[in-house]
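# Observations on the model geometry
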Number of protein chains: 2
Amino acid sequence: MSQKPLSMQEVIRRLHEFWAAHGCLIWQPYSEKVGAGTMNPATVLRVLGPEPWSVAYVEPSFRADDGRYAENPNRMQMHHQYQVILKPDPGNPQELYLASLEAIGLDRTRHDIRFVEDNWESPALGAWGLGWEVWLDGQEITQFTYFQQAGSLTLDPVSVEITYGLDRIVMYLQNRSQVWDIDVDGQHTFAEIYRDPEIEHCVYNFELADVERLKQLYEIYRAEADACIRRGLVVPAHDFVLRQSHTFNLLDARGAIGVTERAKFFAAMRNQARSVSELYVKQRASAGFPWLPPTPETVDTLAPAAPTPAPETAKAVAQSFLLEIGSEELPPQDVTDGIAQIEANLARLLGEYQLRYTTLRVTGTTRRLVAYVTELAPTQANETVEKRGPALDRAYDSAGKPTKAAEGFARGAGIDVSALEVRDNYVYAVKHVTGQPTPAVLPELCTKLLDSLRWGKTMRWNTSNTGYPRPLRWLVALLGDQVVPFAWAGINSDRQSRGPRFADAAANLPAGSFTTFAVETADTYFAAIAQQGVIVDRAERQQRIVEQVQQIAAAVGGATPDDPGLLEEVTDLVESPQALLGTFEAKYLDLPIPVLIGVMKKHQRYFPLVRDGQLLAHFITIANAQNLAHPDVVVTGNEGVIRARYADAAYFYRQDTSRPLDSYTPRLATLTFHERLGSMLDKVERLKLLAPQIAQLLHATAEQHTDVSRAAALAKSDLVTSMVVEMTSLQGIIGEIYARKNGETAAVAQAIREHYLPRAAGDANPVTIPGLALSLADKLDSLAGLFAVGAIPTGSADPFGLRRAALGVVNNLLASQTDFSIRQGLTLAAAQQTVPVTDAAMGETLAFIARRLQGVLTELGYPHDVIDAVLAMHGDNPYAAQRAADLLQTMVAQPWWSDTFTAYARCARITRNLDTPLTLNPDAYVEEVEHALHQAYLTASQGVDATGLGETLHRLQAPISAFFERVLVNADDETVRKARLALVQHIAQLPATVADLSKLQGF
Amino acid sequence: MSQKPLSMQEVIRRLHEFWAAHGCLIWQPYSEKVGAGTMNPATVLRVLGPEPWSVAYVEPSFRADDGRYAENPNRMQMHHQYQVILKPDPGNPQELYLASLEAIGLDRTRHDIRFVEDNWESPALGAWGLGWEVWLDGQEITQFTYFQQAGSLTLDPVSVEITYGLDRIVMYLQNRSQVWDIDVDGQHTFAEIYRDPEIEHCVYNFELADVERLKQLYEIYRAEADACIRRGLVVPAHDFVLRQSHTFNLLDARGAIGVTERAKFFAAMRNQARSVSELYVKQRASAGFPWLPPTPETVDTLAPAAPTPAPETAKAVAQSFLLEIGSEELPPQDVTDGIAQIEANLARLLGEYQLRYTTLRVTGTTRRLVAYVTELAPTQANETVEKRGPALDRAYDSAGKPTKAAEGFARGAGIDVSALEVRDNYVYAVKHVTGQPTPAVLPELCTKLLDSLRWGKTMRWNTSNTGYPRPLRWLVALLGDQVVPFAWAGINSDRQSRGPRFADAAANLPAGSFTTFAVETADTYFAAIAQQGVIVDRAERQQRIVEQVQQIAAAVGGATPDDPGLLEEVTDLVESPQALLGTFEAKYLDLPIPVLIGVMKKHQRYFPLVRDGQLLAHFITIANAQNLAHPDVVVTGNEGVIRARYADAAYFYRQDTSRPLDSYTPRLATLTFHERLGSMLDKVERLKLLAPQIAQLLHATAEQHTDVSRAAALAKSDLVTSMVVEMTSLQGIIGEIYARKNGETAAVAQAIREHYLPRAAGDANPVTIPGLALSLADKLDSLAGLFAVGAIPTGSADPFGLRRAALGVVNNLLASQTDFSIRQGLTLAAAQQTVPVTDAAMGETLAFIARRLQGVLTELGYPHDVIDAVLAMHGDNPYAAQRAADLLQTMVAQPWWSDTFTAYARCARITRNLDTPLTLNPDAYVEEVEHALHQAYLTASQGVDATGLGETLHRLQAPISAFFERVLVNADDETVRKARLALVQHIAQLPATVADLSKLQGF
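Everything in this summary refers to the structure shown in the same document.

Criteria and thresholds
- Residues numbered from 1 in each chain as written.
- Chains lettered and ligands numbered in written order.
- Predicted model: local features only at pLDDT ≥ 70, side-chain atom pairs only at ≥ 80, totals over all residues.
- Heavy atoms only, no water.
- Helix = DSSP H or I, 4+ residues; strand = E, 2+ residues; numbered from the N terminus.
- Buried < 20%, exposed > 50% of the residue type's maximum accessible area, 1.4 Å probe, protein only.
- Contact = heavy atoms within 4.5 Å.
- Least-squares fit on C-alpha atoms with pLDDT ≥ 70 in both.
- Buried area = accessible area lost by both parts, 1.4 Å probe.
- Salt bridge = Lys/Arg side-chain N within 4 Å of Asp/Glu carboxyl O.
- Polar contact = N/O pair within 3.5 Å; in protein donor to acceptor, adjacent residues only side chain to side chain.
- Expected span 1.5 Å × (residues − 1).
- Arc of directions from axis to C-beta.
- Pairing = 2+ DSSP bridges.
- Axes fitted to C-alpha atoms, helices over the stretch in contact; angles between N-to-C directions.
- Phe/Tyr/Trp six-rings, centres within 6.5 Å; stacked < 30°, edge-to-face > 60°.
- Lys NZ or Arg CZ within 6 Å of the ring centre and 35° of its normal.
- Parallel < 35°, antiparallel > 145°, perpendicular 65-115°, else oblique.
- Left-handed = near helix turned anticlockwise from the far one by under 90°.
- Nonpolar A, V, L, I, M, F, W, Y, C, P; charged D, E, K, R; others polar.
- Core = buried A, V, L, I, M, F, W, Y, C linked by side-chain atoms within 4.5 Å.

### Focus on the overall build of chain A
If you tally the helices and strands in chain A, you get 34 helices and 25 strands. C-alpha extents for chain A along the principal axes are approximately 115 × 90 × 70 Å. Across the 1003 residues of chain A, 58% fall into the buried class. Sequence-distant contacts in chain A: of pairs separated by 6 or more residues, those separated by 24 or more amount to 71%.

### Observations concerning the relation of the copies chain A and chain B
When chain A is fitted to chain B, the residual RMSD is 0.4 Å, and the transformation amounts to a turn of 179° plus an axial shift of 0.1 Å. Taken together, the rotation and translation relating the two chain copies correspond to the operation of a two-fold axis.

### Points about the interface of chain A and chain B
Facing 58 residues of chain A, the contacting portion of chain B comprises 59 residues. Interface area for chain A against chain B, summed over the two sides, is near 5000 Å², with a carbon-plus-sulfur share of 56%. Inspection of the chain A/chain B interface yields 10 salt bridges. Note that E207 of chain B is salt-bridged to R231 of chain A, the shortest N-O span being 2.3 Å. Summed over the shared surface of chain A and chain B, the result is 33 residue pairs in polar contact (both at pLDDT 80 or more).

### So, helix α16 (residues 538–555) of chain A
All names here are of chain A. Taking 1.5 Å as the rise per residue, α16 with 18 residues should run 26 Å; its terminal C-alpha atoms sit 26 Å apart, in good agreement. All of the buried residues along α16 are R538, R541, Q542, I545, Q548, V549, I552 and A553. The arc that holds every buried residue of α16, seen down its axis, measures 130°, which confines them to one face. In α16, the exposed positions that point more than 90 degrees away from the buried face belong to A539, Q550, Q551, A554 and A555. The opening residue of α16 is D537, an N-cap whose side-chain oxygen sits 3.1 Å from the backbone nitrogen of A539. Residue G557 follows α16 closely and has a positive phi angle near 70°.

### Examining the sheet that holds strand β23 (residues 614–624) of chain B
One key point about sheets: their strands pair by backbone hydrogen bonds, in either a parallel or an antiparallel sense. Residue and element names in this part refer to chain B. Reading across from one edge, β21-β23-β22 is the order of the 3 strands in this open sheet, with antiparallel pairing throughout. The open sheet has two edge strands with one neighbour each: β21 (577–583) and β22 (607–611). Averaged over all adjacent pairs, the angle separating strand axes in this sheet is 35°, with direction ignored. Summarising the sheet, β22 and β23 pair through 4 bridges and their orientation is antiparallel. Of the residues in β23, the one forming a bridge with V610 is L615. Packing against the sheet, helix α16 (residues 538–555) makes contact with β21, β22 and β23, and its axis sits at approximately 25° to β21. Along the sheet face, helix α19 (residues 631–656) touches β21 and β23 and points at about 55° away from the line of β21.

### Notes on the environment of L566 of chain A
Residue and element names in this part refer to chain A. Summarising the element assignment, L566 is placed in helix α17 (residues 564–571). Note: C-alpha distance between L566 and R605 (39 residues apart in sequence) is 6.8 Å. Aside from chain neighbours lying at most four places away, what touches L566 is K601, R605, Y606 and F607.

### Examining the pattern of salt bridges
Applying the stated criterion to the full structure yields 109 salt bridges over all chains. Between R423 of chain B and E421 of chain B there is a salt bridge, with its nearest N and O atoms 3.7 Å apart. Using a relative accessible area of 30% as the deciding quantity, one classes R423 of chain B as partly exposed. Residues joined in a network through salt bridges with shared partners are E10, R13, R14 and E17 of chain A together with E10, R13, R14 and E17 of chain B.

### Notes on unusual backbone geometry
The residue after L757 of chain A, namely P758 of chain A, is reached through a cis peptide bond having omega -15°. Among the structural elements, P758 of chain A can be located in the loop between α24 (746–754) and α25 (769–788). Even without being a glycine, D137 of chain B presents a positive backbone phi close to 50°. If you check the backbone angles, Q817 of chain B has positive phi at about 50° while not being a glycine. Along the chain, Q817 of chain B turns up in the loop between α26 (802–815) and α27 (822–832).

### Considerations on the packing of aromatic side chains
Under the definition given, this model contains 73 aromatic pairs over all chains. Through a chain of ring-to-ring contacts, three or more aromatic side chains come together here, namely Y82, Y97, F115, W132, F144, Y146 and Y164 of chain A. Just above the ring of F514 of chain A sits the side chain of R498 of chain A; from NZ or CZ to the centre is 3.6 Å. Stacked on the ring of F848 of chain B, the Lys or Arg R852 of chain B has its end atom at 4.2 Å from the ring centre.

### Observations regarding the sheet that holds strand β12 (residues 383–391) of chain B
Residue and element names in this part refer to chain B. In spatial order, the strands read β12-β14-β13; together these 3 strands make up an open sheet with antiparallel pairing. Of all strands in the sheet, those with a lone pairing partner are β12 and β13 (421–423), marking the two edges. Neighbour-to-neighbour, the strand axes of this sheet turn through a mean angle of 35°, independent of strand direction. Bridge count for β13 against strand β14 (residues 426–433) is 3 bridges, and the pairing is antiparallel.

### Let's talk about the environment of F321 of chain A
All names here are of chain A. Summarising the element assignment, F321 is placed in strand β9 (residues 319–327). For F321, a relative accessible area of 1% gives the class buried. Ignoring anything within four residues of it in the chain, the contact list for F321 reads A371, Y372, V373, L376, L442, C446, L478, L479, V484 and A522.

### Re the side chain of T515 of chain A
All names here are of chain A. As for its position among the elements, T515 is in the loop between α14 (501–507) and β20 (516–518). Relative accessible area serves as the criterion here: at 13%, T515 is assigned to the buried category. Of note is the side chain of T515, whose polar atom sits 2.6 Å from the side chain of D504. Leaving out residues up to four positions away in the same chain, T515 has contacts with S497, R498, G499, P500, A503, D504, A507 and L509.

### Considering the packing of helix α21 (residues 702–714) of chain B against helix α25 (residues 769–788) of chain B
All names here are of chain B. Close contact between α21 and α25 brings their axes to 9 Å; oriented N to C, the two are set at 45°. As judged from the angle between their axes, α21 and α25 are oblique. In this structure, α21 meets α25 at a crossing whose hand is right-handed. Each of Q704, D707, V708, A711 and A712 in α21 lies in contact with α25, whose residues at this interface are I769, P770, A773 and L774. Residue composition of the contact of α21 with α25, grouped by class: 7 nonpolar, 1 polar and 1 charged.

### Comments concerning the packing of helix α10 (residues 332–352) of chain B against helix α13 (residues 438–452) of chain B
Residues and elements named next belong to chain B. Packing of α10 against α13 leaves a shortest axis separation of 10 Å and a crossing angle of 140°. Between α10 and α13, the angle falls in the class oblique. Seen from above, α10 lies across α13 with right-handed handedness. Across the interface between the two elements, Q341, I342, N345, L346, R348, L349 and L350 from α10 touch L445, K448, L449 and S452 from α13. Looking at side-chain class alone, the contact of α10 with α13 contains 6 nonpolar, 3 polar and 2 charged residues.

### Focus: the nonpolar core
By size, the foremost hydrophobic cluster in this structure holds 569 residues, and its most contacted members are W19 of chain A together with W19 of chain B. If we skip the residues at most four places from it in the chain, W19 of chain B touches C24, A56, Y82, V84, L86, L96, Y97, S100, I162 and Y164 of chain B.

### Some points on the side chain of T621 of chain B
Residue and element names in this part refer to chain B. Along the chain, T621 falls in strand β23. The buried category is assigned to T621, whose relative accessible area is 3%. With residues up to four places along the chain from it excluded, the contact list for T621 reads R114, Q578, A579, L580, Y606 and N638.

Below, the structure written as structure tokens:
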């Protein structure tokens, strides 16, 4: 940054020039208030349909919620986007984008630029795409998305959408710490031009906009949009959808939108957006898609070229095989998923293909997944395939001639009928398959390997319309020194690999280009990629991170808290890690630590540093770089980012804590919980009654009882604080912090936090009685109410998170080892509802929770039959069910169990169809064994408790067996018969308090 | 245009580059639908207050009314403006602008570029300015305005606003005949990008937009704007004003706005716009106007430099004096006004200054007003100033000593008391003033001359805040070969004049420069300016136009209809005329001729061509050029313009005539005439009753009666046809044409047109009875109704044109020589009103019309006393009044009149205070003269008619004189007295049917 940095308008001019030179039409901002350049018809409509379209433009974007009265360094209700659409994908959009940064004066060799997974979705527009945030020294400067769907229509071809955060980029280029200091035109600062309107819009959006009038506006816009849609007017309809969207955002900023309302608004807008999109496509179609190139040969260019045939003569020696799947930056999760899958699937395929090898190593980075097989056999192993045919007497007639059946079988097996072999009274078709040379089968194997991979989310990017997590850009496949020719997703395999991005940056290439290197042989791959600066081995990369982080932490006398998730993620964000220490203003340490750490990790993937339990005013970031020439530049950049983030947090914190937590409670009335179940405030009113009742069931002390009442009253209040509106993940955590700050007791504060637990699988559970009581109350209230009004999860749709609530109930009770009747709890919760809760609904709810319990126990490893057996008895008491399961599991593992169970089962089976319980009648016994069994039963019935069931039954085994050997239960004499049945029935009932043993295997 | 023309986006890029290089901030289009770039806050707010501001941006501008469903070559509901604001005026904005045209590839030497007066006003924004349309080969490509007021606030400094019609300019640069063929980006045509949305918006705007919902929107926006204003939020308030404005435009396009409503809407928006503007200025003021330069020295730079002192020794010989007032293009009317005023005022000033000269010649062009005085005396003539003082007896006391009165007089006259001269019993102060050298007084004289000029409209442009019709840019003032040093409007006089614009174009100058030439002496000016190519003599210029036009017309066998107004205007649009013949498609000759000619003259100042009463498919335009190198280019350009205009007219004509005229009538219900008097349809209903009644009074035949009924029913129907909505000046004319086309009788059709007559002073009057009847009915209805509801013209405000209506009534009656009682007509009109018409209102209305009659008669040259005399009798019958005035005028011009009138006046004066008419009583006469006069009276009373009044009175002169010499009228005897008074009273009453002679001079 030695030259004078460009003014903002000069940056725009250069971007226009750059993208115009790359075929973009230069467009204008839209004549409506939009939240993003995406909403400009030049994007949201033009990406639809098959026609090519490339465009670039500035878009002042209005997002009411982001307003900070101009008090934040880079967050405003109006920011400038620079929007680029490339349709179809030119194949090198990332490289073009990076070149555009150079065009506006950014020296990439001095900076850390990363593509960090970020998927984009607009529920209101029915649009989504996969891509990244682009980070420049930690600052999110661009959203880069492969647009998959818009207006609820699947896009074909896919468009590349590049959305520059213009203000932030310019701020950075000009080395300013806040956008307000940007030089706009060589004469004016950003503040001079934009500050007053920014503040005014904030005042309007947050304080002044009239909710009633906004709602009227919304309705009018909706009606006009409908009219336009009916008339088939694309753009006028779109304008009214945009106006609805902007009005919705204002209503939201005014806090006037509840959860259900939000969903309804979105659904309505999405429907209209779809109609508009369909109209647009129809309009283009009826014009014959005039922009389509004259011949559809573009499709062919991406079809796999015929793979060059494998060399005629395969080498006779074992060689290494190397496969590198090169792509744009994969999401970290996909790197680990990919490695694991390739490891498993490649091993399986090599087996299936009868290809022997010595070792298989799979590893990778965010840009490449690599499989390396050593000593792969030169040919498949020979194989004998045998298939049994018809029985001998059906295969040959009496004359010994093959029957039609035998002929058919032989034909099906691909051999002559005369070749059938006879053995064990059957005919057999036996084929000896000679192994093919490895080069001949590897292409197919590679294709199958890639076909076999399954991902969390895939996308399409070219006309092959193949799915992969991010665009696949190159394939290196080498057997020894020979390319294994195959094609997948329109890419032909080759020996050309690509260098890391920092190598591209250093290489000073023409726009759109990248560095490549040829891999000579499979065995030299690892040396070659290391030469490029990539640490391709994942474990090694991770180890380097750990070492560097520890080293830096030690240097400032601190340590990083253990955080495997973060480490895993960071490992897959870089191809070569370089840890850097950053510092932030100590004043921000006054903010709550969860906020500080949350911001670092969630937004920036920084490692926090602690010393003696205190957070330090430092962070560690991992750059993607071999050897940064100017680490200070990157550090300064990252520090600027965290400064802005903390400034934002401090703003919220100051604003929120200016008044007590309970003063927020009334505003919960504006948050709809469910239209028939009332607002969040209504829910709180119910919890204030229900939670103490639940506490009672948990045997709470008087003090705990008081605490839970108070905690219930405050439980949801943080939902309307700015901090939680901004970072929803901090709900409860902020509640606790604010409650403490307001002088609530520690127990009350903790219960507020705990009542959300567990927030996800593996999360902590409440450890206090008030916390547990409130957590159960909250979840049971949701379950009872929402089931009563029919808001039941279906398929993958669970808008109210009822599966999570039910799981939470189960897990909390298990974790706290608490006996609790969910039925009883639900009944209390039902009593608080203002809607009728039918018995049927109650039954459904209980069954729903029991299914979660069933799942939990399954995951804990209990056998299915054991689980079924205990659920039959303890479906509404998870902890009791678990204890019973433990018992049964031990029991069925005993060596004597099989016999004991057989004996018991005779009793249970012979009586299970009896309608009524019979009375013991020892006077009617005829045989001694009857008296003996009776005596054994009496002893057993006293000894049965949860832990002693097995032993008890075991002791009964012999008397039962003796009994059945000697007597016929169904005697002719009715009195005798009834007496015997009564005795056996009583024995069958012995395990009833523990489990229904008839569900056990072997019954 | 030999190189490849630039794409539209390249044109924008170059304009950005050009204006950025000249200090402009490059701004973005606004995030609201605006009608023009002016409404972007970057203009309408930033032009307010004292701070400098220069900005340039593209603005897609939406004007619903201009929508043509993409069927017009260059008229669309959305067009692109390129907007530039320069604040303050840099002194050479026109030259900068012209350079910007070169920057986008326009070779000015090949084109005719003219600045044609066009003043701009936005009633809704409370904004106005003076300036021009810039014509490129006849095409209006830019609006160039010196912004004088915005948000109802006076601008200081004034801003220069340059609004390029981007689409048209690009169309022209690319040599396309319609915008739809423009190359936007090298890949797409304008049609491909903009056509579908254009058509859709037209459908929405004209057919679909829901009027009720739009009205609700408008109200909501208004309420939100008010709330924002109360809270002091500038930009949010402005946004809501813009939304109101756009909504208003849509309502208008839907035909839902009546005249009164329009005014109310405008007033409301204007009020809000003013509030917003005031808030903005307050906001900037409270920030201390941070963009003001540190010291206010800019003011000084424009203050007149101290004129260099006149040379010590004036030349002793008479020399010529030359004054050239150079400015940006003056409106044609100001050229003629300026020449006339300078001629008169300079002559007067030379007289006042005692400066003798031989000839004074004043002439000029649109860019310079020139005064040339020959043989101006080297010094002022010596002068003796004499002043009469007190009478002798008051000037000296008895001792002959000067009194205080004499001393005071002498002091006041600036001489010693001893120097008083005595004459005619008075004292005199006599001063002998020696003339100053001419160079010493000429500067002051020049300043006074410029101060003395009065203009229709003036503007301010620099910190001198002086008013002139357009910015004054240079002053040449030479006495012989010496500069006459003075300063006016911040400009110092000099000998540097400027060449014409076509010379600038040829000179290839740096941006912002212009050609200059030094004027050596006053006498060489005319040769020097001729050398530059300017035909400075207005008469000569006009003669050249006439010759060229005739020559070209003759060449195509046609002639141009006489049109002095057009010729006058064109003479002052160019500095050097070059007539060019253009051709348009013959198919347009099917359009009504008034439309064709109207378009040519109103929009283009073309001379139409006719042959044998038929219009030819040609036109003649007058370029401003010395000798065009490529007249074909200019002709082609002009042909493109007229093609688009006629396409538009054809579109309207086709649309309008697709259904009969009377089918438009019901839609008149949507046009409000006045809120209390109902719609235009209500007015038509009244006219259907009133017009036949008026016809009755005009003694119409039965057939005429039928015609007037039908004409009344159709009179206003053309107001809602597209053609009239577009060209209001064609109202009635279009009605006639459409009526004929629909098979109405010629008389009905003609009456429809005639009822609007006269449309302005000097216009034709109705020549048919139905036309006259309908015209009177229409005007009397307006007058009766509007006076009744108090909508009476005040000051210069006459929104309903009542002065014109009253004048029309008067002129129509005079022109048609029709006797008609306006009182009677008004009474009939009043009877049709649905509001009460009081006697007072009726009286006011009649007096109002009588004042117009008085004015008309005054203009016709009748003496005031004559007019007063006849109006007293015939105020409600103009034709009768005029006849009486003719009579009186002849009468008072007779040599005997004075004596006759003296005699008559004695009779009138002596009896004018009598309350009651007396009865003649000859029996009571005493003297012979009484009998003689009685006899003379009896004779006269039979002879009195309108034409014989004078003679009659003359014959009575002698008997009256004799009577008064002999008798005392007021005799003691009451009977005698009454008889004498009765006789005299009867004589005094003789002229009563003609006039009230007591109003005549000399009474």
